[in-house]
Amino acid sequence: MTNKTRTKPDSGKRSGSGAHAAPLNDTLLARALLAVRGKKLLTHIGLILFGLAMLYPLLWMISSALKPEELIFREQGLIPTSITFENFGAGWNALRHPFGHYFMNSAIITAGAVVGNLLACSLAAYAFARLEFPLKRFWFAVMLGSIMLPLHVVIVPQYILFSELGWINTFYPLIVPKFLATDAFFIFLMVQFIRTLPRDLDEAALIDGASHWRIFSRIIIPLSMPALATTAIFTFIWTWNDFLSQLIFLTNPDVHTVPVALRTFLDSSGESSWGPMFAISVLSLGPIFGFFLAGQRYLVRGIATTGLK
Amino acid sequence: MTAVQVPPKQALPQPVSLVPDPEHKRQSRRRRRRESLTALAFLAPWFVGLIVITAGPLLASLYLSFTDYSLLGDHEWVGLDNYTRMFDDPRFVKALTNTAIYVFVSVPLQLSFALALALILDRGVRGLPIYRSIYYLPSLLGSSVAIAILWRKVFGADGLVNDFLGFFGIQGTSWVSNPDTALGTLIVLNVWTFGSPMVIFLAGLRQIPASYYEAASIDGAGKIRQFFSITLPLLTPIIFFNLILQLINAFQSFTQAYVVSGGNGSPADSTLFYTMYVYERGFNAWQMGYASAMAWVLVLIIASLTAVNFLMSKYWVFYNDK
Amino acid sequence: MFHHKKRIWPVLLVTGALTFSAACAGDDSGSGSGDGGDGQVTIRFSWWGDDSRHRITEEAIALFEEKNPDIKVQGEYSAWDSYYDQLTTQVASNDAPDVFAIEIRRLGEFARRGSLADLGGLVDTSDLNEQLLPSGNVDDVQYAIPTGANTFAVMLNRAVLQDAGLEVPDDTSWTWEEYLELSAQVTENTDSGVYGTQINFNDAYLRVFANQRGEDFYTDDAMGISEETLADWFRSHLDLMEAEAAPDAARSTEIGSTGVETSLIATNTGAMGMWWSNQLNAMTTGSGEEVEVLRMPREAGADTSGMFLQPTMFWAAAESGSHQEAAGKLIDFLANDPDAARILGSDRGLPMNDAVLEEIRDEMPETDIASLEFISAMEGELTDPPRAYPAGAGEIPNMLQRYGEEVIFGRMSPEEAASAFLSEADNTLG
């Protein structure tokens with residue numbers, strides 16, 4: 001069955017291509033090569049300049065984190081005139097627990113959310129992408145519709161629900177729903193990815209007598225590594241940065257997460273601890289950036305898409 | 001879709017019989033029922049979530065949209081009052097206009113950036129992971145509270161943009177705090193976070209079987225031709241997904257405007273977004289009934305736009321599984 | 001070839017199980033006040049603020065628990081911007097904390113909707129400042145105890161004023177006109193980028209402005225300010241900008257949007273501004289210069305300064321709480337115990353308990369003593385503190401800012417803005 005993807009393009013529609021033009025003489029070839037290299041260089045210069053604009057905010061944040069607090073707003077430049085690591089120490093120990101505690105809480109919630117989304121959304125996505133069942137379009141619309149309502153008008157009913165369940169100040173309200181595929185965005189994402197996969201494979205497997213579970217776990221999942229990585233990365237980042245639901249469901253500072261704890265540095269009604277806020281903000285980028293770096297390794301062509309051996 | 005040149009499906013034995021044979025009919029009915037049951041099993045977690053977690057609060061907010069619920073205290077049925085009230089509410093109209101401008105300007109821009117860079121980066125540029133990471137950084141920062149200060153650093157009266165304009169002798173305003181330009185800076189902020197759709201595009205590009213390109217090369221199709229006959233058509237489901245995703249996200253955009261404007265749509269409501277107004281009515285003015293009604297109108301707006309997109313998608317989105 | 005996926009499923013499931021058990025661990029500190037084992041009660045106590053406030057409040061809680069071994073207090077804090085989102089959700093869901101901080105804008109609404117417990121009999125109020133205490137009284141019930149007081153005043157960065165070669169004005173007699181002239185002179189005498197003062201749409205400023213004309217900010221259920229006064233107030237901002245006493249509209253809005261740390265005074269780019277007296281410390285730290293508190297200027301011929309003692313915030317207890325006695329004990333401790341005051345200092349306003357103040361005065365930081373002296377010197381000049389606001393008052397500050405911005409950007413005339421504001425406010429209040 002594995003060889004069935006090695007199909008050939010439809011040769012009937014082939015048309016003349018400029019790529020095979022007249023033979024080139026040597027100087028022309030050299031010049032062309034040079035042009036290609038020049039073009040590549042230009043691309044890189046462009047990409048780097050563009051990258052600098054993208055990097056500026058991070059540099060600025062690091063620079064602010066390193067400035068003594070009173071200089072953050074008085075001093076304009078990117079390069080601090082004096083460097084201090086005070087903000088990091090002060091920020092780390094500013095609240096009831098050292099910040100490591102909040103990082104751990106965020107990590108638990110985020111890990112749960114990632115696992116939950118990967119499991120539940122991929123299952124649902126397979127059904128929508130590959131199976132036929134009654135009212136499929138209707139359920140698909142319901143699925144998409146469920147993410148269109150702003151959180152602000154459902155958060156109070158949600159609070160009442162979770163409070164009835166005794167889940168307030170636990171991580172359940174932030175993890176359990178993910179195992180029940182309430183992040184419908186990711187179902188949609190995976191449906192779209194699965195639908196880019198040729199159907200030949202699973203149809204062949206079906207005829208060989210494989211069950212849908214087998215097709216799902218043995219064919220679709222391995223072929224969908226980029227989609228799963230994307231889901232994991234996005235879930236991680238969204239959950240890590242999520243504020244409102246964590247704020248509402250986690251009121252006890254023992255279970256606070258990084259974003260909730262970070263906000264307590266800012267008090268628009270009084271004094272704000274900008275220095276520690278910048279310092280911890282920089283630190284809190286670490287896990288998400290690290291996860292992104294780790295996850296993007298899976299954004300390479302998977303075993304399946306490079307051809308099956 | 002005539003230009004699409006992708007491998008056709010292998011000739012597979014089709015389970016559908018052309019002869020109306022009762023034995024076949026029964027078989028296919030049984031097969032369909034079995035498939036439905038399988039689907040139910042795959043959808044089980046989602047169904048449970050829908051019924052236990054999503055549906056309750058959703059329906060509660062729908063019900064409350066017909067009441068004068070104020071968060072504290074009792075509520076009374078007021079019929080369609082909350083819905084008709086929107087038409088006479090100039091701030092609602094303002095919020096809707098701001099959001100519409102924001103969505104229809106920033107989403108196409110953001111997606112074009114994302115697609116263009118994904119395509120450039122996917123051409124095997126050396127150091128791809130580094131570029132990809134750098135371009136993704138703004139998306140990580142996008143909802144940070146630090147963004148409020150950062151955006152002033154860039155678009156403030158003494159910000160980078162004005163420093164740059166100063167070279168040309170142009171005296172800039174405080175772009176973030178001018179009612180004529182504040183919305184523009186939020187659009188820039190959204191475009192600047194093009195990293196997320198870019199990553200999804202890159203993932204989509206990586207999902208295209210390499211065998212297609214190999215085969216096309218053997219057949220002598222050039223790069224450009226390969227792009228139009230393989231890359232683009234096979235990427236359309238992902239483009240479509242990104243479009244829907246960003247559309248919904250942009251309509252619900254809250255955090256960035258909230259953080260940058262200080263939570264009140266300042267200056268002079270020029271950055272008052274739809275969901276910010278919903279939030280303000282609900283949690284600040286304690287008119288949760290009205291807020292719920294606005295939220296449901298938003299659902300209607302997004303849903304109809306999404307529906308239009310789904311209808312249109314027949315003409316330009318190509319699914320490989322057909 | 002699919003070998004690596006075989007490892008993925010167990011890994012996912014194990015991680016899932018782990019996070020679930022970790023989530024269970026969080027359960028130990030679950031919400032809900034209740035009875036502990038041996039007759040001990042647990043109450044929840046919620047407030048807003050920054051990290052230093054959280055630290056000292058938790059210290060005070062520890063001391064309270066030491067003095068009341070049968071009561072356990074679970075502190076819950078959040079940032080100001082999100083405090084009411086959290087509190088309102090909890091109150092709406094019948095899960096309110098037993099004791100919580102609240103400010104005057106919301107006091108009336110919470111009290112009148114039956115969410116607050118009557119503190120009469122639960123808290124000893126005999127030593128509390130008599131002028132301030134009634135501000136926590138709604139419809140003749142003491143629903144809330146003020147945590148302390150401050151006052152809205154002009155602050156002055158001496159260094160900037162000296163750079164401009166100008167003298168500190170006599171604040172006992174200065175008028176709005178003099179304030180404008182002095183500010184304009186500062187701008188003129190200094191480098192570009194340094195200004196006399198900054199635009200301020202704080203409702204406290206309007207309250208002082210209206211008081212000087214004998215008008216109340218609110219009546220029982222509506223705005224008490226006349227359209228004319230409001231239009232004049234809006235115009236005063238235009239005048240400041242036109243005289244270049246303050247930065248232009250866009251820059252003013254930018255400066256006004258991020259708080260104390262980015263203010264002109266704190267960044268040494270301006271001489272004056274109007275702030276709450278308890279922000280003196282932040283101003284001094286931010287600028288690194290000497291900052292002075294001055295009386296607000298007066299309307300020529302006004303017979304009152306219009307300035308008032310403001311209850312910084314209040315302590316309140318939930319009506320739904322099942323341990324109101326314990327809640328009362330905690331509030332009593334926070335308001336009356338000198339040891340508590342020693343820990344809390346003037347973080348929630350200058351203590352307004354005479355007995356307590358006497359004890360801790362020597363330990364107070366310099367800026368606190370300065371604002372305390374300022375307030376004592378003004379005794380007799382200050383009008384009564386505001387009473388609980390009408391319902392819907394929580395929206396008024398944003399509304400003022402919105403119409404103020406319409407005016408300074410020239411999109412509405414002061415008169416148009418005043419009339420539009422009043423009609424919108426009338427629809428909101430009540």
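Residues numbered from 1 in each chain as written. Chains lettered and ligands numbered in written order. Predicted model: local features only at pLDDT ≥ 70, side-chain atom pairs only at ≥ 80, totals over all residues. Heavy atoms only, no water.

S.K.: Sorry if this is basic, but what is going on with unusual backbone geometry here?
M.R.: Glycine aside, the phi torsion of most residues is negative, and most peptide linkages are trans. All names here are of chain B. The amide bond that connects Ser266 to the next residue, Pro267, takes the cis arrangement and shows omega of -5°. Inspection of the secondary structure puts Pro267 in the loop between α11 (255–261) and α12 (274–284). Of note in the backbone geometry, Ala268 takes a positive phi value of approximately 50° without being a glycine. The class of Ala268 is buried, set by a relative accessible area of 1%. (Helix = DSSP H or I, 4+ residues; strand = E, 2+ residues; numbered from the N terminus. Buried < 20%, exposed > 50% of the residue type's maximum accessible area, 1.4 Å probe, protein only.)

S.K.: How do you make sense of the interface of chain A and chain B when you look at a structure like this?
M.R.: Where interface size is quoted, it is often the accessible area lost as the parts come together. Contact residues are listed per partner, giving 110 residues for chain A and 112 residues for chain B. Both sides together, the interface formed by chain A and chain B hides about 10000 Å², and carbon and sulfur atoms give 71% of it. For the interface between chain A and chain B, the tally reads 0 salt bridges. Our count for the chain A to chain B interface comes out at 8 residue pairs in polar contact (both at pLDDT 80 or more). Ranked by residues supplied to the side of chain A that touches chain B, first place goes to helix α1 (residues 26–66) of chain A with 14 residues. Broken down by class, the residue content of the side of chain A that touches chain B amounts to 72 nonpolar, 24 polar and 14 charged. (Contact = heavy atoms within 4.5 Å. Buried area = accessible area lost by both parts, 1.4 Å probe. Salt bridge = Lys/Arg side-chain N within 4 Å of Asp/Glu carboxyl O. Polar contact = N/O pair within 3.5 Å; in protein donor to acceptor, adjacent residues only side chain to side chain. Nonpolar A, V, L, I, M, F, W, Y, C, P; charged D, E, K, R; others polar.)

S.K.: Teacher, can you tell me more about a negative patch on the surface here?
M.R.: On the surface, Asp124(C), Asp127(C), Glu130(C), Asp354(C), Glu358(C) and Asp362(C) cluster together into a patch of negative charge. If you trace the backbone, Asp354(C) turns up in helix α13 (residues 354–360). (Patch = residues over 30% accessible without salt bridge, like charges linked within 9 Å, V, L, I, M, F, W, Y side chains within 5 Å. Areas by Shrake-Rupley, 256 points an atom, 1.4 Å probe, with all protein chains shown as cover. Lys, Arg positive; Asp, Glu negative; His and termini not counted. Charge placed at Lys NZ, Arg CZ, Asp CG, Glu CD.)

S.K.: Explanation requested: the domain arrangement of chain C in the structure shown.
M.R.: Residue and element names in this part refer to chain C. Per the domain assignment, the segments making up chain C are domain 1 (37–147 + 312–377) and domain 2 (150–309 + 392–428). One C-alpha centre belongs to domain 1, the other to domain 2; they are set 30 Å apart. Taken residue by residue, the interface counts 13 residues in domain 1 and 18 residues in domain 2. Both faces considered, domain 1 and domain 2 share a buried interface measuring about 1300 Å² in area, 66% of it formed by carbon and sulfur atoms. (Domains from an automatic or database assignment.)

S.K.: Even after reading the chapter, I still don't get the domain arrangement of chain A, so can you show me in this structure?
M.R.: Residues and elements named next belong to chain A. We note that the domain assignment places domain 1 (34–84) and domain 2 (88–299) within chain A. At the junction of the two partners, domain 1 supplies 10 residues and domain 2 supplies 11 residues. Note on domain 1 versus domain 2: buried area summed over both sides is about 790 Å², and carbon and sulfur give 85% of it. When the buried area of domain 1 at its contact with domain 2 is split by residue, Met61, Ala65 and Glu69 rank highest and sum to 52% of it. Counting the contacts that link domain 1 with domain 2 gives 0 salt bridges. For the pair domain 1 and domain 2, the number of links is 0 residue pairs in polar contact (both at pLDDT 80 or more). Counted by class, the side of domain 1 that touches domain 2 contains 8 nonpolar, 1 polar and 1 charged residues.

S.K.: Hey, could you run me through the interface of chain B and chain C in this one?
M.R.: The partner chain C presents 27 residues to the 31 residues of chain B that form the contact. Overall, the association of chain B and chain C removes approximately 2500 Å² of surface from exposure, summing both partners, and the carbon and sulfur fraction of that is 50%. Interface area lost by chain B to chain C is led by Leu72(B), Ala268(B) and Trp286(B), which between them contribute 25%. There are 4 salt bridges connecting chain B and chain C. Between Asp158(B) and Arg251(C) there is a salt bridge, with the nearest N and O atoms lying 3.0 Å from each other. Connecting chain B to chain C are 15 residue pairs in polar contact (both at pLDDT 80 or more). Mapped onto the side of chain B that touches chain C, the elements with two or more residues apiece are α5 (146–155) and α12 of chain B. Among the elements that line the side of chain B that touches chain C, the one with the most residues is α12(B), at 5 residues.

S.K.: In this structure, what is going on with the confidence of the model for chain A? I would like to understand it.
M.R.: It should be kept in mind that the predicted coordinates are not to be read in detail where pLDDT is low. Residues and elements named next belong to chain A. Mean pLDDT over chain A: 81, with 84% of residues reaching 70 or higher. Here residues 1–24 is a poorly scored stretch, pLDDT under 50, and it has 41 contacts once near neighbours within four places are set aside; other chains count. Considering only residues more than four positions removed or in separate chains, one finds that residues 302–309, a stretch of pLDDT under 50, has 19 contacts. (pLDDT = per-residue confidence, 0-100.)

S.K.: What exactly am I supposed to notice about a nonpolar patch on the surface here?
M.R.: Residues and elements named next belong to chain A. Together, Leu41, Ile45, Ile48, Leu49 and Leu52 make up a nonpolar patch on the protein surface, roughly 490 Å² of accessible area in all. As for its placement among the helices and strands, Leu52 is situated in helix α1. On the basis of relative accessibility, which here comes to 47%, the residue Leu52 falls in the partly exposed class.

S.K.: Can you help me understand the packing of helix α8 (residues 227–242) of chain C against helix α15 (residues 396–408) of chain C in this one?
M.R.: When two helices pack together, their arrangement is captured by the angle between the axes and the distance separating the axes. Residue and element names in this part refer to chain C. Running from N to C, α8 and α15 point in directions that differ by 50°, and their axes come no closer than 10 Å. In terms of orientation, α8 lies oblique with respect to α15. The crossing of α8 and α15 is right-handed. Together, Leu230, Trp233, Phe234, His237, Leu238 and Met241 of α8 and Leu400, Tyr403, Gly404, Val407 and Ile408 of α15 make up the contact between the two elements. For the contact of α8 with α15, the residue count by class is 9 nonpolar, 2 polar and no charged. (Axes fitted to C-alpha atoms, helices over the stretch in contact; angles between N-to-C directions. Parallel < 35°, antiparallel > 145°, perpendicular 65-115°, else oblique. Left-handed = near helix turned anticlockwise from the far one by under 90°.)

S.K.: Where do I start with the UniProt feature "transmembrane region" (unreviewed entry) in chain A in this structure?
M.R.: Feature annotation in UniProt assigns "transmembrane region" (unreviewed entry) to the following positions: residues 41–62, 102–126, 138–162, 174–194, 215–240 and 274–294 of chain A. For residues 215–240 of chain A, the end-to-end C-alpha separation is 33 Å, with 96% helix and 0% strand making up the annotated structure. (UniProt positions renumbered as here; feature names shortened; annotations may be inferred.)

S.K.: How should I be thinking about α12(B) in this particular structure?
M.R.: Each α-helix turn comprises 3.6 residues. Residues three or four places apart therefore point the same way. All names here are of chain B. The buried fraction of α12 is high, at 11 of 11 residues. All of the buried residues in α12 are Tyr274, Thr275, Met276, Tyr277, Val278, Tyr279, Glu280, Arg281, Gly282, Phe283 and Asn284. Two residues or fewer after α12 comes Trp286, characterised by a positive phi angle close to 60°.

S.K.: What is the right way to read helix α5 (residues 155–164) of chain A from this model?
M.R.: When α5(A) is considered as a whole, its buried residues turn out to be Ile155(A), Val156(A), Pro157(A), Gln158(A), Tyr159(A) and Phe162(A). Trailing α5(A) by a residue or two, Gly166(A) shows a phi angle of about 75°, which is positive.

S.K.: Teacher, can you tell me more about the pairing of strand β4 (residues 99–102) of chain C here?
M.R.: Consecutive side chains of a regular strand alternate in pointing toward one face of the sheet and then the other. All names here are of chain C. Neither face of β4 is left uncovered, since the one carrying Val99 and Ala101 and the one carrying Phe100 and Ile102 both have all their residues buried. Relative to β4, strand β2 (residues 41–48) is paired through 2 bridges, and the arrangement is parallel. Bridged to Ser46 within β4 is Phe100. Bridge count for β4 against strand β12 (residues 314–317) is 4 bridges, and the pairing is antiparallel. Bridge pairing in β12 links Val99 to Ala317. (Pairing = 2+ DSSP bridges.)

S.K.: Sorry, what's going on with the environment of Val317(B) here?
M.R.: All names here are of chain B. Checked against the element boundaries, Val317 lands in the segment after α13 (288–316). C-alpha separation for the pair Val317 and Ala157, spaced 160 residues apart in sequence, amounts to 45 Å. In this structure Val317 touches Thr236, Pro237 and Phe240, once residues within four positions along its chain are discounted.

S.K.: Where do I start with the side chain of Asn336(C) in this structure?
M.R.: Residue and element names in this part refer to chain C. Locating Asn336 in the fold gives a position in helix α11 (residues 324–336). Given the relative accessible area of 17%, Asn336 is considered buried. In terms of polar contacts, Asn336 uses its side chain to reach the side chain of Asn353, at 2.8 Å. In contact with Asn336, not counting residues within four places along its chain, are Asp124, Leu128, Asn353 and Val356.

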